[in-house]
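Here is what each chain is made of, one letter per residue.
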Amino acid sequence: MSPASANNQVTELLRRWSSGDAAARDALIPLVYDELRRVARHFLASQRSAHTLQSTALVHEAYIRLAGRQDVRWENRAHFFAVAAQLMRRILVDHARKRNAAKRGSRNVTLLLEEFEEMPARREVDLVSLDDALTSLAAVDERQSRIVELRFFGGMSIEDTSRVLAISPATVKREWATARAWLFAEMRPQTG
């Protein structure tokens, strides 16, 4: 099956699922599972090895939450994966907060925030701090926050992100760079 044909099949199943067809939801699982695992592996690979959540558990939890949603009107495959990325972010942040609460005084879960193609360096960041900064960024610029969420948590390319948000790839690149700079400034340790 060609990638375009597979995308069309996923989109059709999502539309049927939105209309209440439980069989379509069940048929969707094998078509999206590998991609969800890829997204989860991409994200978890950027974390320190001490992280206790595995990609399979993350995918299963995200899928359970996705399957339980009755209020979503799926537009297409990209919309599905954008929502999945958002759910994975919530799951990981909740996991980090619970872990920190269980180990009072312990360090927060840290990640390696990649600069992707613009700058190859990596920077370790705290997942909870990143989530707080993304929430602050959303108050300033919702679209930039979504771009970071899709690129970082969803592992989406510039092109996939542009399709999900219905903006040009050039706009995604520009706003991705701006959002990263804002986040790094927001998360910079305060001195003095």
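As the structure is a computational prediction, the values presented were derived from the model and not from experiment.

### Considering the packing of aromatic side chains
Argument step 1. This structure, assessed with the given rule, holds three aromatic pairs.
Argument step 2. Note on Trp17 and Trp74: the rings are 5.5 Å apart at their centroids and 35 degrees apart in plane angle, and the pair reads as tilted. Taken as a pair, Trp17 in helix 1 (residues 3–18) and Trp74 in the loop between helix 3 (55–67) and helix 4 (77–102) lie far apart in primary sequence, 57 residues in all. For the pair Trp17 and Trp74, one class covers both residues: buried.
Argument step 3. Note that Arg151 overlies the ring of Trp176, its terminal NZ or CZ placed 4.9 Å from the centroid.

### Thoughts on the confidence of the model for the protein
The predicted structure's coordinates, where accompanied by low pLDDT, should not be read in detail.
Argument step 1. Residues with a pLDDT of 70 or more make up 79% of the protein, whose mean pLDDT is 79.
Argument step 2. Here strand 1 (residues 110–114) stands out as the element of the protein with the lowest mean pLDDT, 45, in contrast to helix 8 (residues 169–187), whose mean of 92 is the highest.
Argument step 3. Counting contacts from residues 106–123, a segment whose pLDDT is below 50, to residues more than four positions away or on other chains yields 59 contacts.

### Digging into the pattern of salt bridges
Argument step 1. Scanning all chains against the criterion turns up 13 salt bridges.
Argument step 2. Linking Arg97 and Asp131 is a salt bridge whose minimum nitrogen-to-oxygen distance equals 3.3 Å. With Arg97 in helix 4 and Asp131 in helix 5 (residues 127–140), this pair connects stretches of sequence that are 34 residues apart.
Argument step 3. Residue class for Asp131 comes out buried when judged on its relative accessible area of 3%.

### What about the nonpolar core?
Argument step 1. Counting residues in hydrophobic clusters, the biggest one holds 49 residues, and the most contacted among them are Trp17, Leu28, Leu36 and Phe80.
Argument step 2. Looking at which element gives the most residues to this core, the answer is helix 4, with eleven residues.
Argument step 3. Sequence-distant contacts of Leu36, that is, excluding residues within four places in its chain, are made with Val59, Tyr63, Phe80, Phe81, Ala84 and Met88.

### Looking at the layout of surface pockets
Unfilled space is identified by rolling a water-sized probe across the atoms.
Argument step 1. Of the volumes computed, that of the largest pocket is approximately 240 Å³.
Argument step 2. Taken together, 14 residues line the largest pocket, and the ones lying closest to its centre are Asn7, Arg77, Ala78, Asp160 and Arg163.
Argument step 3. Listed by contribution, the elements that provide at least two residues to the lining of the largest pocket are helix 1, helix 2 (22–45), helix 4 and helix 7 (158–165).
Argument step 4. Looking at the lining of the largest pocket, its residues break down into five nonpolar, four polar and five charged.

About the criteria used
Residues numbered from 1 in each chain as written. Predicted model: local features only at pLDDT ≥ 70, side-chain atom pairs only at ≥ 80, totals over all residues. Heavy atoms only, no water. Phe/Tyr/Trp six-rings, centres within 6.5 Å; stacked < 30°, edge-to-face > 60°. Helix = DSSP H or I, 4+ residues; strand = E, 2+ residues; numbered from the N terminus. Buried < 20%, exposed > 50% of the residue type's maximum accessible area, 1.4 Å probe, protein only. Lys NZ or Arg CZ within 6 Å of the ring centre and 35° of its normal. pLDDT = per-residue confidence, 0-100. Contact = heavy atoms within 4.5 Å. Salt bridge = Lys/Arg side-chain N within 4 Å of Asp/Glu carboxyl O. Core = buried A, V, L, I, M, F, W, Y, C linked by side-chain atoms within 4.5 Å. 1 Å grid on protein atoms, 1.4 Å probe; cavity = no way out; pocket = protein on both sides within 12 Å on 5 of 7 lines; lining within 4 Å. Points joined across faces, edges and corners; volume = space filled by probe spheres on them. Nonpolar A, V, L, I, M, F, W, Y, C, P; charged D, E, K, R; others polar.

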